[in-house]
Structure formats: C-alpha cells, structure tokens
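Residue-level listing of the chains:
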Amino acid sequence: MVKKRVGLFVDIMMYALLITQMLYVFVGNNAHEIIGIAFFICLAVHIVLKKWWFKTILKKDKPLQRRIFDIITCLLMISIIVLMISSMGVSRFLFPWFFHLGSSDLHRYMGTAVLTLGVLHGGMHMIMRAKNKRPVYIGVTLACIASVSIGVFAVPYLNRHLKSVDISYSEKVIGDKVDWTGEKPLVVYFSRMGNTDFEPDVDAVSGASLLISDGEMMGNDQLIADMVGDILDCESIGITVKGYKYPSSYNETISVAGDELRAAARPPIEPIDVTGYDSVILIYPLWWNSIPMPVASFLEQNDFSGKTLYLIATQGSSGYGNTVSEIETLCPDANVIPGTSIYCEDIPDARNTLYDLIKSWNSGK
Ligand SMILES: Cc1cc2nc3c(=O)[nH]c(=O)nc-3n(C[C@H](O)[C@H](O)[C@H](O)COP(=O)(O)O)c2cc1C
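Small disclaimer: the values here were computed from a predicted structure and weren't measured.

Colleague: Just checking my understanding: could you explain the overall build of the chain for this structure?
Modeller: Scanning the chain for helices and strands turns up 13 helices and eight strands. Referenced to the eigenvectors of the C-alpha coordinate spread, the extents of the chain come out at roughly 75 × 40 × 40 Å. Looking at the chain as a whole, 47% of its 365 residues qualify as buried. Residue pairs in contact within the chain that sit at least 24 positions apart in sequence constitute 80% of those at least 6 positions apart. Of the roughly 18,300 Å² of accessible surface on the chain, 63% is carried by carbon and sulfur atoms. Each charge class in the chain can be summarised by its mean position, and for the 31 positive and 36 negative side chains these summaries are 23 Å apart.

Colleague: Just to check I follow, could you spell out the site of the ligand for this structure?
Modeller: Contacts to the ligand come from 21 residues, most closely from Ser191, Asp221, Asn289, Thr314 and Ser318. Between the ligand and asparagine 289 there is a distance of 2.8 Å, counted from an oxygen atom to a backbone nitrogen or oxygen. Side-chain polar atom of threonine 314 to an oxygen atom of the ligand: 2.8 Å apart, as the coordinates give it. In the complex, the protein chains occlude 97% of the 640 Å² of accessible area that the ligand would expose alone. Elements with a minimum of two residues in the shell around the ligand: helix H9 (220-232), helix H10 (250-262) and strand E7 (308-315). Per-element accounting of the shell around the ligand gives the leading share, four residues, to H10. By residue class, the composition of the shell around the ligand is seven nonpolar, eleven polar and three charged.

Colleague: What am I meant to see in a nonpolar patch on the surface here?
Modeller: Residues Val2, Val6, Ile34, Ile37, Ile41, Val45, Phe93 and Leu94 make up a contiguous nonpolar surface patch of roughly 650 Å² in combined accessible area. Looking at the nonpolar patch, the elements with two or more residues in it are helix H1 (2-22) and helix H3 (29-49). Ranked by residue count, the leading element in the nonpolar patch is H3, at four residues. Along the polypeptide, valine 2 turns up in helix H1. Looking at valine 2, the relative accessible area reads 65%, which means it is exposed.

Colleague: Quick question: what am I supposed to make of a negative patch on the surface here?
Modeller: Where like charges cluster on the molecular surface, the negative patch consists of Asp166, Glu171, Asp214 and Glu216. Tracing the sequence through the fold places aspartate 166 in strand E1 (residues 165-167).

Colleague: Looking at this structure, I do not really get unusual backbone geometry. What am I missing?
Modeller: When glycine is set aside, most residues are seen to have a negative phi, and most peptide bonds are trans. You will see that aspartate 61, though not glycine, has its phi angle at about 55°, which is positive. Along the chain, aspartate 61 falls in the loop between helix H4 (52-56) and helix H5 (64-90). Residue aspartate 61 is classed as exposed on the basis of its relative accessible area of 76%. Not every positive phi belongs to a glycine, and tryptophan 288 is a case in point at roughly 55°. As for its placement among the helices and strands, tryptophan 288 is situated in the loop between strand E6 (279-285) and helix H11 (293-300). Looking at tryptophan 288, the relative accessible area reads 47%, which means it is partly exposed.

Colleague: Help me understand the pattern of salt bridges, please; the structure alone is not making it clear to me.
Modeller: Once the charged atoms of two side chains with opposite charge are near each other, the side chains can pair. Within this structure, the stated rule accounts for six salt bridges. Between aspartate 230 and lysine 177 there is a salt bridge whose closest N-O contact spans 2.8 Å. With a gap of 53 residues between them, aspartate 230 in helix H9 and lysine 177 in the loop between helix H8 (169-173) and strand E2 (186-189) connect regions that are remote in the sequence. With relative accessibility at 41%, the residue lysine 177 sits in the partly exposed group. A salt bridge links arginine 351 to aspartate 230; the nearest nitrogen and oxygen atoms lie 2.5 Å apart. Of this pair, arginine 351 sits in helix H13 (residues 351-363) while aspartate 230 sits in helix H9, and the two are 121 residues apart along the sequence. Grouping residues by exposure puts arginine 351 and aspartate 230 together as buried.

Colleague: Help me understand the packing of H1 against H3, please; the structure alone is not making it clear to me.
Modeller: Packed helices, taken two at a time, are described by the angle between their axes plus the distance between the axes. Contact pair H1 / H3: the axes reach a minimum separation of 9 Å and the direction vectors enclose 150°. Taken together, the axes of H1 and H3 lie roughly antiparallel to each other. Here H1 runs over H3; the crossing is left-handed. Counting all contacts with H1, which are made through Lys3, Val6, Gly7, Val10, Asp11, Met13, Met14, Leu17, Leu18, Thr20 and Gln21, the residues of H3 involved are His32, Ile35, Gly36, Ala38, Phe39, Cys42, Leu43, Val45, His46 and Leu49. When grouped by side-chain class, the residues that make up the contact of H1 with H3 number 13 nonpolar, six polar and two charged.

What counts, and where the lines are drawn
- The residue numbering used here restarts from 1 in each chain and proceeds along that chain's sequence as written.
- In keeping with the predicted nature of the model, local features appear solely for residues at pLDDT of at least 70, side-chain atom pairs appear and are counted solely at 80 or more, and the whole-chain, interface and lining totals rest on all residues.
- Calculation of side-chain values draws on the structure's entire complement of heavy atoms; hydrogens and water are dropped beforehand.
- For helices the rule is a DSSP run of H or I covering at least 4 residues; for strands it is a run of E covering at least 2, with both sets numbered from the N terminus onward.
- For each residue, the accessible area found with a 1.4 Å probe, counting protein chains only, is set against the maximum for its type, and the residue is called buried under 20%, exposed over 50%, and partly exposed in between.
- Residue contacts are counted whenever heavy atoms from the two residues lie within 4.5 Å of one another.
- The protein chains shown are the only cover counted for residues, whose accessible areas, like all others here, come from Shrake-Rupley with a 1.4 Å probe.
- In this count, Lys and Arg are taken as positive residues and Asp and Glu as negative ones, while His and the chain termini are left out.
- All charge positions are set by atom: Lys at NZ, Arg at CZ, Asp at CG, Glu at CD.
- Here a residue is near a molecule or strand as soon as one of its heavy atoms is found within 4 Å of it.
- Polar contacts here mean pairs of N or O atoms no more than 3.5 Å apart (in protein, one a potential hydrogen donor and the other a potential acceptor; neighbouring residues in sequence count only if both atoms are side-chain atoms).
- Any residue outside Ala, Val, Leu, Ile, Met, Phe, Trp, Tyr, Cys, Pro, Asp, Glu, Lys and Arg is labelled polar, Gly included; the first ten of those are nonpolar and the last four are charged.
- Each patch groups residues whose relative accessible area exceeds 30% and which form no salt bridge, using 9 Å between like charges and 5 Å between nonpolar side chains of Val, Leu, Ile, Met, Phe, Trp and Tyr.
- Whenever a carboxyl oxygen of Asp or Glu lies within 4 Å of a side-chain nitrogen of Lys or Arg, that contact is scored as a salt bridge.
- All axes here are fitted lines through C-alpha atoms, helices being fitted over the stretch that makes contact, and every angle between N-to-C directions spans 0 to 180 degrees.
- Should an angle fall under 35 degrees it is called roughly parallel, over 145 degrees roughly antiparallel, and 65 to 115 degrees roughly perpendicular, with every other angle called oblique.
- Handedness of each helix crossing follows the sense of rotation of the near helix against the far helix: counterclockwise by less than a right angle gives left-handed, clockwise gives right-handed.

Okay, here's the thing in structure tokens:
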C-alpha cells in the first residue's frame, strides 16, 4: 500500500516537473537545471519501484496492448537517456565542463518526446486497467496532442515573447580571432533593434526577443553580427529601413511583417555597397519563416556575382525556414553557403559555435 502511494506520488511529481521544465522562460536556467536533477531522481525511484517490468519484457504470449505498452516504454527510456545526455550538453550551471552541444534544439525536441511518450506510457496503464476504455482512449489522445502542442508551439511562443536576457557585452562578444584569407569580408545584418520605434521606457519583456547588454537593449542579430565582426575583425553594417520604423509592440510587428511578406514589399533602405568585398556574411532573423523584406531589398540592390554569401539566421523555432532558397533565388549569381540557424535562446552563448563555423568556412575556401 505504502509502495503504491509512493509510486503514485512519484509519477505525479514527474509529470509536474516535466511541465515546469517546459516553462523554462519563467523558471530561469539555474532552477531549470536543478529541477532536471529532481526529475531524474524521481525517475530512478520510479524504475526501482517498477523493476519487475524488466523481467516481463521478453515474455511471449502477451496481449497486444501489453506489447504496445512495452514498445512505448522502450522508446520512452531511449528518449530519457538522450534527454539526460543533451541536458548535460546544454548545461551552463551544473555541468559546464561537459561537452557543449552548441544548440539546444535536440534537448527541446527530446523534452517534448519524453513528455508525450510519458503521457502515452501512463495512459496505456490506465487503458489496460479501465473497464470502459473509450473515455480513457479519448483522454489519452487529447493529453498527447496537448503535450506535442506544448513542446512544438507553446514553448517556442513563450520563449519568443517573454524571454529577457541580461549579458555582459565584453564577456560574450570579445575573444579569439580568425585570420580570414582573401579579401576582407563584410558583415551585414538586419535586426528589429535599430528599425523599431521603441518608447524610451520599453523593457525587455514588452520588446520581446531583445537582449539587455551592459544595461542597453540590443537586437539578437546585432549581437551575432558583433560576435562575427569581432571574430573576423571586420566592419559590420546594419540594414536600416528608410522613412518608417516597425511598431514597438511585438505582435504589431508580426502583423506588419506579415503584410510586407504577402505584398512582396521592398522597403526603402539606407544604401549598403558590397563592391570590393568577396565575402559577405549575412545575418538575419526569420520573419514568418522568410527573410524580413528589408533584407530582400538589400539583396536586390547589390550585385553578388562572383561573391560568396555566408548565411547565419536567428529564429524562435523554425531553423532556416524558407530563407536559403529565397536568398538563392534573389542572388542567382552568388555562391550561397548556409552556416547555421541559431535558436534565440542560444544567441548569448553562440560565440564558440560562430568561431568554429568561421574557421571551417575559412579553411573550406
Ligand atoms: C515579425 C517577426 C516574425 C517572426 N517570425 C518567426 C518565424 O516565422 N519563425 C521563427 O522561428 N521565429 C520568428 N521570429 C522570431 C525571430 O526570428 C527571433 O526572435 C530573432 O532572433 C529576432 O532577432 P532580432 O532581435 O535581431 O530582431 C519572428 C520575429 C518577429 C519580430
């Protein structure tokens, strides 16, 4: 009886901790890592309490539901192992010495997989025991859909809208240089910062996706551009829209950007001349899975024939989206080389990844 109650308590705790982990944006990094340890302790207790399952796994003549349960449990165990390793690979607080993954994508996908498979695992238990299985089937299906939606939509949305990060500029930006062979490269970036009409008292939350660097607001792509500019010790120019600014509200910017994309607008921009550079490193955020339209203006206003266009994107969940093919279409004569697409949360700690990437570009020339 006591064992059963402890088991139930531990199971409920595990689901509660997993959901809390998904709310990273509110919890913060250090608490996220500590809660992760608490989750794995609960998991160890769960495994000890249910160790009999391991003896049944190879038994033959099992009903179909039992077999499905075993498969789900095995997949859950594999996901948990990958989640555990990837947790250490993205840790900045408890395991900073562990091999760093450079991106938290795998960790986020595994978090979603573990939550969904965990719901299925618990759900299968209930299905096998229930007399009237129909409502349980419906409940488990809805819980699985909710789990996938949390991981795929809700978490990226919260990170994009509510995350505020305070960094020390010199610690994050300044470091080792790469000696670029050939002509001097040029860094060109587009960022919401510099193109938005922020009220003087706007904070990082209402100006979502912005960083606070040494007390000053900074755009994600601006920070990446500064890192790349420092690594290459070269000039970095921001694309600036002429004649208007994007609205301070994040949601309104999304809607304006959507209108511009649908209209294939080419907003007027301050001129940037790439003549004399053979390599242009273009840094841009994903807007509606596409390049922001001012970036299209920049690409159309320049002749990239014979030049190499290295791409670095930043985003809140979508990888490169459609941007690589869009850029290839806009610059058919350029040698377009995609480098990396950085998830917004990984931006403050992206310098090492960028350094390795630029080194590999340089040696691949
Ligand atoms: C108008 C707008 C549209 C966006 N659309 C997407 C999107 O489709 N996919 C995505 O992953 N992130 C999207 N984002 C998130 C940005 O790509 C991400 O926060 C980026 O790092 C912001 O860079 P910045 O601070 O330099 O402007 C969007 C942001 C804005 C403002």
